[in-house]
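Examination of the molecular architecture
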Amino acid sequence: MGEPHAVQPDQKVIEDLMAFGAHDFKKCFQCATCSAVCTLSNNDFAFPRKQMIAAQWGLKDKLMGDPGPWLCFYCGECSKNCPRKANPGETMMALRRYLTSAYDWTGLSRLMYSSAFWEIGILALVSAIVVALFTLPQSFGFGLLSRSGAAPLHTVMLDKFAPVGMVDMGDRIMALVLSFFLLTNAARMFYYLTRDQKIPARLYITQLPSLILHAATQKRWNGCKDSEATKNWIRHLLLVTGYVTMFTLVVVFLPWFQVNDSSIHWTSFLGYYATTVLVGATVWMLIDRIRQHGEMYQFSHLSDWLFPILLFLTAVTGIGMHLLRVNDLPMATYVMYTVHMAIAVPMLVVEVPFGKWAHLLYRPLAIYVAAVRDKAAQCSSLEVAPAGPVPA
Ligand code: SF4
Ligand code: SF4
């Protein structure tokens, strides 16, 4: 009979986590100071210490079934107080990137998160397709938009350049495609978070309000006790209202939003609101990130830059196009329209289901499942694994 094999950490997972931005978690010596200072932690759940152990051992299944990393809003208290400089806050951030790619069945997310070449390359490819769709028909008289005929250059007639019916159809197809990928990935997340748990079906219904509440308000963020928590929460909330307004205008109200001439319509005012908060919030975030203001901005992955930069450029080119249109500058309007679409479309198609934007759905879903699992765990007769921190 041979010697029993000692259990070894899974080096492949550990290397993966490092590639996703967790550089210091191996320094952790399990003192639990982070759990003592984290507002998410309680008597039953040592958060984020528990996740630090799972990361150090490379326990992929445990990590994929844990809603914990999504409940953290990166206040940074744990990292500030860690005696080993193991950066638990940044480890939770890296875990969210890792889990986004682990839940994505296409493999695209993994490709993008682990390679700047692929991330930029995929965005550039979708951008090039968008530019081709809008320019080739105008230049050579063939392609998707050729039926619209040549766009006039004496006055703005956007419908001749980009027929609103076709763009509207394209928007809806885009929304369907990105929803398909996002929802199927979220379904995988839900499966991993709930498998092997005996949870009564009624709890999924009674806890639904927490899903809606947290998706709409991200109020968990304000539960952090650091001095920046309320500022970060309000800024994030404003950002969400901005892109939800813009997304609704583009996908639901495009025929009223993409107007043909130089006039101003009711949709313009919603556009003013959306672009103002998008520009304001993203510039604020970028300044904080450049200055490395606070723990949250000490480390920046490429995806952390792309998120505000793409939003900012989408808003600025949208404003530019509006100004050129109302001043009746046809060629400049058409060019700016193309640039705007070449930034906005790849941002939505690529970043929403496969990139950092996926947290829009993953966070509230994790908070919801954590609430369901905690309720189930309170019923002593049920075999339910601890869900992690109890959501506020
Ligand atoms: S991450 Fe730091 S504070 Fe937390 S258990 Fe490890 S060494 Fe202690
Ligand atoms: S960053 Fe804040 S919320 Fe996240 S684990 Fe650390 S202390 Fe907790």
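Note that the structure is a prediction, hence the values are computed from the model and not measured.

**Re the site of ligand 2**
In the neighbourhood of ligand 2, 15 residues make up the surrounding shell, with Cys38, Cys72, Cys75, Cys78 and Gly89 lying closest. Sorting the residues of the shell around ligand 2 by element identifies helix 6 (77-81) and helix 7 (88-103) as the ones contributing at least two each. Here the residues of the shell around ligand 2 sort into twelve nonpolar, two polar and one charged.

**Brief notes about the site of ligand 1**
Around ligand 1, the structure places 13 residues, and the nearest of them are Cys28, Cys31, Thr33, Cys34 and Cys82. Of all the secondary structure elements, the ones that give two or more residues to the shell around ligand 1 are helix 2 (33-37) and helix 3 (49-57). Taken together, the residues of the shell around ligand 1 break down into nine nonpolar, two polar and two charged.

**Describing the packing of helix 17 (residues 302-326) against helix 18 (residues 330-354)**
Packing of helix 17 against helix 18 brings their axes to within 9 Å, and their N-to-C directions diverge by 155 degrees. Taken together, the axis directions place helix 17 and helix 18 in an arrangement best described as roughly antiparallel. For helix 17 against helix 18, the interelement crossing comes out left-handed. Of the residues in helix 18, those touching helix 17 at Leu310, Leu313, Thr314, Thr317, Gly318, Gly320, Met321, Leu324 and Arg325 are Ala332, Thr333, Met336, Tyr337, Val339, His340, Ile343, Ala344, Met347 and Glu351.

**Quick word on the nonpolar core**
Counting 94 residues, the largest nonpolar core has Leu95, Leu278, Tyr337 and Ala366 as the members making the most contacts within it. Among the elements that make up this core, the one with the highest residue count is helix 18 (14 residues). Apart from the residues lying within four places of it in its own chain, the contact partners of Leu95 are Ala22, Gln51, Ala55, Leu63 and Pro69.

**Examining the environment of Gln30**
Within the secondary structure layout, Gln30 lies in the loop between helix 1 (11-19) and helix 2. For the pair Gln30 and Arg49, spaced 19 residues apart in sequence, the C-alpha to C-alpha distance is 6.7 Å.

**Brief notes about the domain arrangement of the protein chain**
Along its sequence, the protein chain is carved into domain 1 (11-103) and domain 2 (108-376). With centres defined by C-alpha atoms, the gap from domain 1 to domain 2 works out at 28 Å. The interface is formed by 23 residues belonging to domain 1 together with 31 residues belonging to domain 2. Among the elements that line the side of domain 1 that touches domain 2, the one with the most residues is helix 7, at seven residues. Here the side of domain 1 that touches domain 2 is composed, by residue class, of ten nonpolar, eight polar and five charged.

Analysis parameters
Residues numbered from 1 in each chain as written. Chains lettered and ligands numbered in written order. Predicted model: local features only at pLDDT ≥ 70, side-chain atom pairs only at ≥ 80, totals over all residues. Near = placed C-beta within 6 Å. Helix = DSSP H or I, 4+ residues; strand = E, 2+ residues; numbered from the N terminus. Nonpolar A, V, L, I, M, F, W, Y, C, P; charged D, E, K, R; others polar. Axes fitted to C-alpha atoms, helices over the stretch in contact; angles between N-to-C directions. Parallel < 35°, antiparallel > 145°, perpendicular 65-115°, else oblique. Left-handed = near helix turned anticlockwise from the far one by under 90°. Contact = placed C-beta atoms within 7 Å. Core = buried A, V, L, I, M, F, W, Y, C linked by C-beta atoms within 7 Å. Buried ≥ 20, exposed ≤ 12 C-beta atoms within 10 Å, placed from the backbone. Domains from an automatic or database assignment.

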